[in-house]
Amino acid sequence: MKLEILNGTGEKTGRTVKIPDLLLEEKKQESSAHHVVYLEIKRYQAAQRSGNHKVKERGEIRGSTRKIRKQKGTGAARAGSIKSPLFRGGGTIFGPRSNRNYNLSLNKKVRRQARRIIFTHLLKEKRVLVVEPVDFEKPNTKSYVDFLAKLGIREKKKNSL
């Protein structure tokens, strides 16, 4: 298979790139191929999560630490602080912390296999463009959006496999 090389304005340059037939070879699709792609997408999306969600715990709540009622004689349960999770406005028990890491590990060979499957799928659907290196005058979003518009891919959405 040959792909035409485009320049920065989206015009064909007349040159082509040959894609090895080994990539496009129809192998018997294993049932694990779908699972390998699923694992790679799951790993990639998990790595995008920032994991910075957090709630305040008992020690981080603003307020006094005085004992709010005496220990005995009131008929009520023992209570030490207004920051207790049992009271309204108190700290949260076992809430999320800010240092959560969602990264998943996947073997290198499995990652390569998944990327090869995805790339082959995109090649067969003719969703791959080869573009010459482009130098932008200013590194801003507007010039990049104009570049995408010239290639005719600005309005296209990311399609899932």
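Residues numbered from 1 in each chain as written. Predicted model: local features only at pLDDT ≥ 70, side-chain atom pairs only at ≥ 80, totals over all residues. Heavy atoms only, no water.

**Q** If you had to explain the overall build of the protein chain to someone new, which residues and values would you point to?
**A** A count of helices and strands for the protein chain gives 4 helices and 3 strands. Counted from the first residue to the last, the protein chain has its helices and strands arranged as β-β-α-α-α-β-α. Here the C-alpha radius of gyration of the protein chain, 28 Å, is well above what a compact globule of 161 residues would show, namely 15 Å. If one aligns the C-alpha atoms of the protein chain with their principal axes, the spans along those axes are about 90 × 45 × 25 Å. Out of the 161 residues belonging to the protein chain, those deemed buried represent 20%. Counting contacts in the protein chain only where the partners sit at least 6 residues apart, residues at least 24 apart contribute 58% of the total. Only carbon and sulfur atoms are counted for the fraction: they give 51% of the accessible area of the protein chain, which is about 13500 Å². Of the side-chain charges in the protein chain, 39 are positive and 15 negative, and the distance between the mean point of each set is 19 Å. (Helix = DSSP H or I, 4+ residues; strand = E, 2+ residues; numbered from the N terminus. Rg over C-alpha atoms; globule rule 2.2 N^0.38 Å. Buried < 20%, exposed > 50% of the residue type's maximum accessible area, 1.4 Å probe, protein only. Contact = heavy atoms within 4.5 Å. Areas by Shrake-Rupley, 256 points an atom, 1.4 Å probe, with all protein chains shown as cover. Lys, Arg positive; Asp, Glu negative; His and termini not counted. Charge placed at Lys NZ, Arg CZ, Asp CG, Glu CD.)

**Q** Which residues make up the sheet that holds strand 1 (residues 2-6), and what are the values?
**A** The 3 strands are arranged 2-1-3 in an open sheet whose pairing can be described as mixed. Bordering the open sheet on either side are strand 2 (12-18) and strand 3 (130-131), each of which pairs with just one other strand. (Pairing = 2+ DSSP bridges.)

**Q** So, the side chain of threonine 120: which residues are in play, and what are the values?
**A** The topology assignment puts threonine 120 in helix 3 (residues 108-124). The exposure class assigned to threonine 120 is buried, which follows from its relative accessible area of 10%. Among residues more than four places away in sequence, those in contact with threonine 120 are Leu23 and Leu24.

**Q** Account for the packing of aromatic side chains, with residues named and values stated.
**A** Considering all chains together, one arrives at 3 aromatic pairs under this definition. A ring pair is formed by phenylalanine 136 and tyrosine 144, whose centres lie 6.2 Å apart and whose planes are at 70°; its orientation type is edge-to-face. An angle of 85° between the planes, with centres 5.8 Å apart, marks the rings of phenylalanine 136 and phenylalanine 147 as edge-to-face. Residue phenylalanine 136 is found in the loop between strand 3 and helix 4 (141-151), and its partner phenylalanine 147 is found in helix 4; the two are separated by 11 residues along the sequence. Looking at arginine 49, its charged tip hangs above the ring of tyrosine 102, at a distance of 3.6 Å from the centre. (Phe/Tyr/Trp six-rings, centres within 6.5 Å; stacked < 30°, edge-to-face > 60°. Lys NZ or Arg CZ within 6 Å of the ring centre and 35° of its normal.)

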